[in-house]
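# Notes for the structure review
Here are the chains, one letter per residue:
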Amino acid sequence: MLVFYAILKGQRRHDLAEQTEFDVAIIGAGIAGASLACELSPDVSVLLLEMEAQPGYHSTGRSAAMFVDSYGPPPIRALSRASADFLESPPKGFSESPLLSQRGVIMIARNDQLTSLENMVGDLSDSGGVRRLDAAETEAAIPILRKGYVAAGFANDRVSDIDVNALHQGYLRKFRSSGGIIKTASKVIETKHTLGRWQVTTSNGTYAAKTIVNAAGAWADSIGKMAGAEAIGLIPKRRTAMVVAAPSGVNPDSWPMVIDIDEQFYLKPDAGRLLISPADETSSLPCDVQPDELDVAICVDRIETAFDLPIRRIENKWAGLRSFVDDKCPVCGFDDTVEGFFWLAGQGGYGIQTAPALAVIAACLIMDRSVPQHLLDHGIDLADLAPGRSTLKTDRKENLKRRIS
Ligand SMILES: Cc1cc2nc3c(=O)[nH]c(=O)nc-3n(C[C@H](O)[C@H](O)[C@H](O)COP(=O)(O)OP(=O)(O)OC[C@H]3O[C@@H](n4cnc5c(N)ncnc54)[C@H](O)[C@@H]3O)c2cc1C
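From a predicted model like this one, the values you see are computed outputs, not experimental measurements. Per chain, the residues get numbers from 1 upward, laid out in the order the sequence is written. Since the coordinates come from a predicted model, pLDDT governs what is reported: local features require at least 70, and pairs of side-chain atoms require 80 or more to be given and counted, while whole-chain, interface and lining totals use all residues. The side-chain numbers reported here are obtained from all heavy atoms of the structure, hydrogens and water having been left aside.

### Section: the pattern of salt bridges
- Put simply, a salt bridge is a Lys or Arg side-chain nitrogen that is within 4 Å of an Asp or Glu carboxyl oxygen. Applying the stated criterion across every chain yields a total of 19 salt bridges.
- Here Glu315 and Arg273 are joined by a salt bridge, their closest N and O atoms 2.3 Å apart. Of this pair, Glu315 sits in the loop between helix H8 (293–306) and strand S18 (316–324) while Arg273 sits in strand S16 (residues 273–277), and the two are 42 residues apart along the sequence.
- Burial here depends on accessible area, computed with a 1.4 Å probe over protein chains only, as a share of the maximum for the residue type. Under 20% is buried, over 50% is exposed, and the range in between is partly exposed. By relative accessible area, Arg273 is classed as partly exposed at 38%.
- Of the charged contacts, one joins Glu281 and Arg322 as a salt bridge, the two residues approaching to 3.0 Å between their closest N and O atoms. One end of the pair, Glu281, is in the loop between S16 and strand S17 (282–283); the other, Arg322, is in strand S18, and 41 residues separate them in sequence.
- Salt bridges linked by common partners bring Arg239, Glu263, Glu281, Arg322 and Lys328 together as one network. Helical segments are the DSSP runs of H or I of at least four residues, strand segments are the runs of E of at least two, and each set is numbered from the N terminus.

This is how it looks when you write it as structure tokens:
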């Protein structure tokens, strides 16, 4: 009996591997594609296509791994709040270790930056877990802050480190276990829509699907163009990060993350070392982006100015792309003019912390289901995420409202 079952199971695996017809084909297996694939796969057949040998090779594997629910424009904050439950208590078996660990953040301001700080204090004064710090309190909380550098600080305790690898792998594992298929080293090179189905040609095979999802990160506008859709105006922006040693004999792991109030740099403990960034935002073409030596030098200069931290050696450095549309909010929804073409792009600098809620919303829109009220209660308005939202007609907005009531 067991042998028979094993043969059947092996046969099913073989059949799935040979399958070429799917309900949904998702292009891109970063956090956006993987989380959506996982949400869809219990209900429909899903193919996840990734051009690299490893999912997560691009932006997803290069982030600063933070959950900051006060970060970004209001729709991003709403998506982050709506994602918090999943990140705090993922489904049983999703991950062996917690996805979040408490970190805390202190935004720091020099004398000439106090207006920015007061604006932020005003903006967030209703949120719990935040408080203004004077110079002495800020210096006490950040042991390596250069004496006299700051005039004030703003602490937010509701900030965590995200285990990005555990989150990404958890989604991919769950996707596979509900029958989903992932094809790596499969670059999508052509898409054609005929007789209500998409034909998707990759560097490694051709597939058919009723719906295609564009979760191609920095490449999303290229994929849109390939499918005949109007561009969403995505601009990939390079951000540089590097790891340096902590001061000798000091373990910084319990320190908060420190961010310049005007986001000119940040510093974050990272497994006994310090991750630092000049928080650069340089427009780039979609590519395997690499750090620019000038950004590295700027980063070292800003960090050495603010902190008592002589940097003798960069242990590791990298750059990644944060891809934004004009209003810095994600684009999630069916294209207005191209049938069966769904956008899941433009997550910018918030794509990890918003992925759980965004994946559920995208899956509901694809399956023509209502979005769960408990997510919308965080203040999410689907019209803020819709492709072509700047020119959305009132009737379309009304339609989206009906979907959630
Ligand atoms: C330095 C840095 C710090 C960051 N810090 C944070 C943070 O603290 N918190 C946070 O929430 N976010 C952060 N982000 C942002 C976050 O990393 C991104 O928003 C997120 O990873 C985007 O995920 P994605 O799946 O859309 O893109 P990606 O991870 O880039 O995935 C897109 C995938 O599509 C694939 N693809 C493209 N074209 C094709 C094709 N033709 N065929 C097949 N596959 C294709 C690519 O290979 C890629 O794997 C940071 C980003 C950077 C760079």
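After presenting the structure, the write-up continues.
### Concerning helix H2 (residues 31–40)
- The buried count for H2 comes to nine of 10 residues, which makes it a mostly enclosed element.
- Those residues of H2 that sit buried are Ile31, Ala32, Gly33, Ala34, Ser35, Leu36, Ala37, Cys38 and Leu40.
- On its buried side, H2 packs onto strand S1 (21–27), strand S2 (46–49), helix H6 (164–177), strand S12 (205–214), strand S20 (341–345) and helix H9 (355–367). Contacts are assigned to residue pairs that have any heavy atoms within 4.5 Å of one another.

### Regarding the site of the ligand
- We call a residue near a molecule or strand as soon as one heavy atom of that residue lies within 4 Å of the molecule or strand. Around the ligand, the structure places 36 residues, and the nearest of them are Glu50, Thr60, Met66, Gly348 and Gln353.
- For the purposes of these results, a polar contact is taken to be a pair of N or O atoms within 3.5 Å, where, inside protein, one atom must be able to donate a hydrogen and its partner to accept one; residues adjacent in sequence count only when each atom of the pair is a side-chain atom. Residue Glu50 places a side-chain N or O atom 2.6 Å away from an oxygen atom belonging to the ligand.
- All accessibility values rest on the Shrake-Rupley procedure with a 1.4 Å probe; residue burial counts only the protein chains present in the view. Burial of the ligand by the protein chains amounts to 97% of its free accessible area of 1,000 Å².
- Those elements giving two or more residues to the shell around the ligand turn out to be H2 and S18.
- If one sorts the elements of the shell around the ligand by residue count, S18 sits on top with three residues.

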